[in-house]
Amino acid sequence: MTASPALPAESPAIIARGVSRLYGTGAGAVTALDAVDVDIRRGEFTAIMGPSGSGKSTLLHVLAGLDEVDRGTIQLDGTEITALGDDALTRLRRERIGFVFQSFNLLPMLTAEQNILLPLELAGKRPDRAWLETLTSAFGISDRLTHLPSQLSGGQVQRVAIARALVTSPAVVFADEPTGNLDSRTTEEVLDFLRLSVDELGQSVVMVTHERDAAERADRVLTLADGRISSDEDLRGQR
Ligand SMILES: Nc1ncnc2c1ncn2[C@@H]1O[C@H](COP(=O)(O)OP(=O)(O)OP(=O)(O)O)[C@@H](O)[C@H]1O
Ligand SMILES: [Mg+2]
């Protein structure tokens, strides 16, 4: 939808090469990521699975420019984020990355619409009313935009949070266990809306989950073990 003109549309949204992340030093040192090579393709729903401590959140955070790497390079939408200074990285995160948090993190004193538009406000960008309308009608919240989060159902809160992650048309939307705190019906709804983001709106989505059922809603499942990718499954033919 918003690929840089210099890049062919089919170029990966993210290209990560030899990415390592180490925490601590000496005997207590942990290799959270161990020379990971991965491409995240555009318009795909990628799930990241693996046991606790295998590096899932670390991978998500470094791909999103929220954490630094110790070795390796990451290109996001043609920009080498591993070479950016703090200010450029902050700007890139605001403009090119969407994040869905496990707790959804809506601001309670802002209406649904104000919450959705917040990333644009922070970036000093004017809202595109047509895109807002597309998003809110796709997510079935057009008639809830003047409500505060406390006046929304749990499912509506999540849809507002996903719409907020998409409002800047980011290169990639990241979600770390977005269904981790939810009952099974609401989990299905969140997965439906992440799928819709990919299928109807062309968004690239990367989701960490430890639930196989949730991962199977994705197009591709990357499994981590001890900071390395141990399998890379293409599920597109199975859906
Ligand atoms: N800030 C940190 N300081 C020190 N060690 C860390 C830090 N963050 C993560 N680690 C370690 O790096 C490894 C990978 O952690 P990570 O959070 O990526 O795992 P995960 O796969 O997301 O696990 P979970 O399923 O429990 O969320 C773990 O051994 C963890 O203890
Ligand atoms: Mg984690």
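Description of the structure in this document. Worth saying up front: this structure is predicted, and the values here are computed from it rather than measured.

Cut-offs and rules
- Going along each chain's sequence as written, the residues are numbered from 1 onward.
- Here chains are named by letter from A upward and ligands by number from 1 upward, in the order in which they appear as written.
- Per-residue local features are limited, in this predicted model, to residues with pLDDT of at least 70; the limit for side-chain atom pairs, both in listing and counting, is 80 or more; totals at the level of whole chains, interfaces and linings are taken over all residues.
- The side-chain numbers reported here are obtained from all heavy atoms of the structure, hydrogens and water having been left aside.
- What counts as a salt bridge is simple: a side-chain nitrogen of Lys or Arg found within 4 Å of a carboxyl oxygen of Asp or Glu.
- Put simply, DSSP H or I for four residues or longer makes a helix, DSSP E for two residues or longer makes a strand, and each gets a number counted from the N terminus.
- In this analysis, strands are considered paired if DSSP registers two or more bridges between them.
- The angle between two axes is taken between their N-to-C directions and runs from 0 to 180 degrees, where each axis is a line fitted to C-alpha atoms and a helix contributes only its stretch in contact.
- Residue contacts are defined here by distance: any two heavy atoms, one from each residue, within 4.5 Å place the two residues in contact.
- Any residue with a heavy atom positioned within 4 Å of a molecule or strand is treated as near that molecule or strand.
- Pairs of N or O atoms within 3.5 Å make up the polar contacts considered here, provided that, within protein, one atom can donate a hydrogen while the other can accept it, and that residues adjacent in sequence are counted only when both atoms are side-chain atoms.
- For the accessible areas, the method is Shrake-Rupley and the probe is 1.4 Å, while residue cover comes only from the protein chains on display.

1. Quick look at the pattern of salt bridges
Alright, step 1. Summed over all chains, the structure comprises 20 salt bridges.
Alright, step 2. Residues Arg228 and Asp34 are paired through a salt bridge, measuring 2.9 Å at the closest nitrogen-oxygen approach. Taken together, the positions of Arg228 in strand 10 (residues 228-234) and Asp34 in strand 2 (residues 30-40) put the pair 194 residues apart, joining distant regions of the chain.
Alright, step 3. With a closest N to O distance of 3.3 Å, Arg159 and Glu189 form a salt bridge. Highlighted residues: Arg159 in helix 5 (residues 154-166) and Glu189 in helix 6 (residues 184-199), separated in sequence by 30 residues.
Alright, step 4. One network of salt bridges, with partners in common, ties together Arg41, Glu44, Asp234 and Arg236.

2. Some remarks on the sheet that holds strand 3 (residues 45-49)
Alright, step 1. With respect to topology, six strands assemble into an open sheet ordered 6-7-8-3-9-10, the strand pairing being mixed. Because the sheet does not close on itself, it has two edges, and the strands there are strand 6 (97-100) and strand 10. Taking the axes of each pair of neighbouring strands and ignoring which way they run, one obtains an average angle of 20° across the sheet.
Alright, step 2. Note that strand 6 and strand 7 (residues 172-176) share four bridges and pair parallel. Bridging across to strand 7, Ile97 finds its partner in Val172.
Alright, step 3. Across the sheet, helix 5 touches strand 6 and strand 7, and the angle it forms with strand 6 is around 165°.

3. Side note on the site of ligand 1
Alright, step 1. Surrounding ligand 1, one finds Tyr23, Val30, Ala32, Pro51, Ser52, Gly53, Ser54, Gly55, Lys56, Ser57, Thr58 and Glu177.
Alright, step 2. Contact distances for ligand 1 include 2.8 Å between an oxygen atom and a backbone N or O atom of Gly53.
Alright, step 3. The separation between an oxygen atom of ligand 1 and a polar side-chain atom of Lys56 is 2.7 Å.
Alright, step 4. Burial of ligand 1 by the surrounding chains reaches 57%, relative to a free accessible area of 640 Å².

4. Regarding the sheet that holds strand 1 (residues 14-23)
Alright, step 1. The strand order across the open sheet built from four strands is 2-1-4-5, with neighbouring strands paired in antiparallel fashion. Two strands bound the open sheet, and with one partner strand each, they are strand 2 and strand 5 (79-80).
Alright, step 2. Direction of pairing for strand 1 relative to strand 4 (residues 71-76): antiparallel, over a ladder of five bridges. For Ala16, the partnering residue across the bridge sits in strand 4 and is Ile74.

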